[in-house]
Structures are given as C-alpha cells and as structure tokens.
Amino acid sequence: MPDAEDVRRIALSLPDTTEKIAWSMPTFRVAGKMFATLPEDETSIAVRCPKEERDELVLAEPGKFWIADHESQFAWVRARLDAIEDEGELRDVLADSWRQAAPTRLLEAHPRLGLPAQ
C-alpha cells in the first residue's frame with residue numbers, strides 16, 4: 001500500500017515538479033501549477049481529474065475515490081492511499097494529473113508520460 005512518502009517520491013520524480021506547503025499541507029506543482037496535494041493526515045491525495053471522468057471514477061470505485069465537498073465545483077478528485085493497489089497505480093494517477101497541469105513544452109518533451117500503455 002503506497003503512503004505519503006511514496007506520493008512525495010513519485011510526484012517529485014515527474015519533470016519540473018516542486019513541493020510547496022499551501023493551506024498547511026504539501027502540494028505538488030509542475031511549472032508552478034498545482035497537480036496534487038496530500039490533505040488532512042496524508043492518508044489520501046487530491047489530484048486533477050476532468051469532472052466527467054471524476055464522476056465515473058467515484059461511481060465505479062467509491063471505496064477508492066471521492067469528491068470533497070469544497071472541491072465539487074472543481075476538476076479534482078480524492079483517492080484513499082490505502083485503496084490504491086500499488087506504486088504503479090499511484091504513479092499512473094499522479095502522472096495523469098501532472099499531464100493536466102503541465103505546460104505544452106513539457107508535454108511535448110515527455111509525450112508518453114501519464115498516458116496508458118499501448
């Protein structure tokens with residue numbers, strides 16, 4: 001089961017990512033734009049997710065994903081770390097969120113990062 005240190009290590013391994021404390025919690029940013037947070041007691045992560053995909057995730061896996069009330073109007077979803085299968089799934093979740101925040105220059109430099117394997 002991944003933990004907060006795994007989140008930190010994987011997030012910071014993504015190109016041009018930095019960690020910054022905001023709202024009293026660790027946040028991870030690509031080129032200054034936030035793509036993940038470790039809220040509350042660091043037992044979950046919040047990541048970018050298009051609203052239509054987010055709703056499908058929550059319906060499909062309610063034990064893993066949920067929408068925090070104060071984030072419902074934004075394209076973010078929460079994931080319980082103890083429900084994430086392994087580091088591979090955690091890496092996929094973080095990389096997908098990274099892609100949504102990364103500037104074009106980074107997406108062009110890392111075209112396969114965060115995309116499903118073919």
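Residues numbered from 1 in each chain as written. Predicted model: local features only at pLDDT ≥ 70, side-chain atom pairs only at ≥ 80, totals over all residues. Heavy atoms only, no water.

### Some remarks on the overall build of the chain
Then, number 1: The secondary structure content of the chain amounts to four helices and six strands.
Then, number 2: Written out in order from the N terminus, the α and β elements of the chain read α-β-β-β-β-α-β-β-α-α.
Then, number 3: Here the C-alpha atoms of the chain give a radius of gyration of 13 Å, agreeing with the 13 Å that 2.2 N^0.38 yields for 118 residues.
Then, number 4: Based on the C-alpha atoms only, the size of the chain along its principal axes is roughly 35 × 35 × 30 Å.
Then, number 5: In the chain, 47% of the contacts between residues at least 6 apart in sequence involve partners at least 24 apart.
Then, number 6: Accessible area of the chain: about 6500 Å², with a carbon and sulfur share of 53%.
Then, number 7: When the 15 basic and 23 acidic side-chain charges of the chain are each reduced to a single mean position, those positions are 7 Å apart. (Helix = DSSP H or I, 4+ residues; strand = E, 2+ residues; numbered from the N terminus. Rg over C-alpha atoms; globule rule 2.2 N^0.38 Å. Contact = heavy atoms within 4.5 Å. Areas by Shrake-Rupley, 256 points an atom, 1.4 Å probe, with all protein chains shown as cover. Lys, Arg positive; Asp, Glu negative; His and termini not counted. Charge placed at Lys NZ, Arg CZ, Asp CG, Glu CD.)

### Side note on the pattern of salt bridges
Then, number 1: Under the definition given, this model contains nine salt bridges.
Then, number 2: Between Glu61 and Lys64 there is a salt bridge, and its shortest N-O distance comes to 3.1 Å.
Then, number 3: Overlapping salt bridges, with partners in common, bring together Glu5, Arg8 and Glu19 in one network. (Salt bridge = Lys/Arg side-chain N within 4 Å of Asp/Glu carboxyl O.)

### Concerning the environment of Val7
Then, number 1: With respect to the helices and strands, Val7 occurs in helix 1 (residues 4-13).
Then, number 2: The class of Val7 is buried, set by a relative accessible area of 0%.
Then, number 3: Along the backbone, Val7 and Ile45 are 38 residues apart, and their C-alpha atoms lie at a distance of 8.1 Å.
Then, number 4: With residues near it in sequence (within four places) discarded, Val7 still touches Phe28, Leu38, Ile45, Leu81, Leu90 and Leu94. (Buried < 20%, exposed > 50% of the residue type's maximum accessible area, 1.4 Å probe, protein only.)

### Describing the sheet that holds strand 3 (residues 33-37)
Then, number 1: Spatially, the six strands line up as an open sheet ordered 1-2-3-4-6-5, and their pairing is antiparallel. Whereas interior strands pair on both sides, the edge strands pair on one side only; in this sheet they are strand 1 (17-22) and strand 5 (65-66).
Then, number 2: Of the pairings in the sheet, the one linking strand 3 to strand 4 (residues 44-48) comprises two bridges and is antiparallel in character. Bridging from a neighbouring strand, Ala36 pairs with Val47 of strand 4. (Pairing = 2+ DSSP bridges.)

### Focus on the side chain of Arg54
Then, number 1: Along the chain, the position of Arg54 falls in helix 2 (residues 51-60).
Then, number 2: The buried category is assigned to Arg54, whose relative accessible area is 5%.
Then, number 3: A polar side-chain atom of Arg54 sits 2.6 Å from the main-chain carbonyl oxygen of Phe74. (Polar contact = N/O pair within 3.5 Å; in protein donor to acceptor, adjacent residues only side chain to side chain.)

### Quick notes on the nonpolar core
Then, number 1: Core analysis: the biggest nonpolar cluster contains 27 residues, and Val7, Phe35, Ile45, Leu90 and Leu94 have the highest contact counts within it.
Then, number 2: Of all the secondary-structure elements, those providing two or more residues to this core are helix 1, strand 2 (25-30), strand 3, strand 4, strand 6 (76-80) and helix 3 (87-101).
Then, number 3: It is helix 3 that contributes the most residues to this core, six residues altogether. (Core = buried A, V, L, I, M, F, W, Y, C linked by side-chain atoms within 4.5 Å.)

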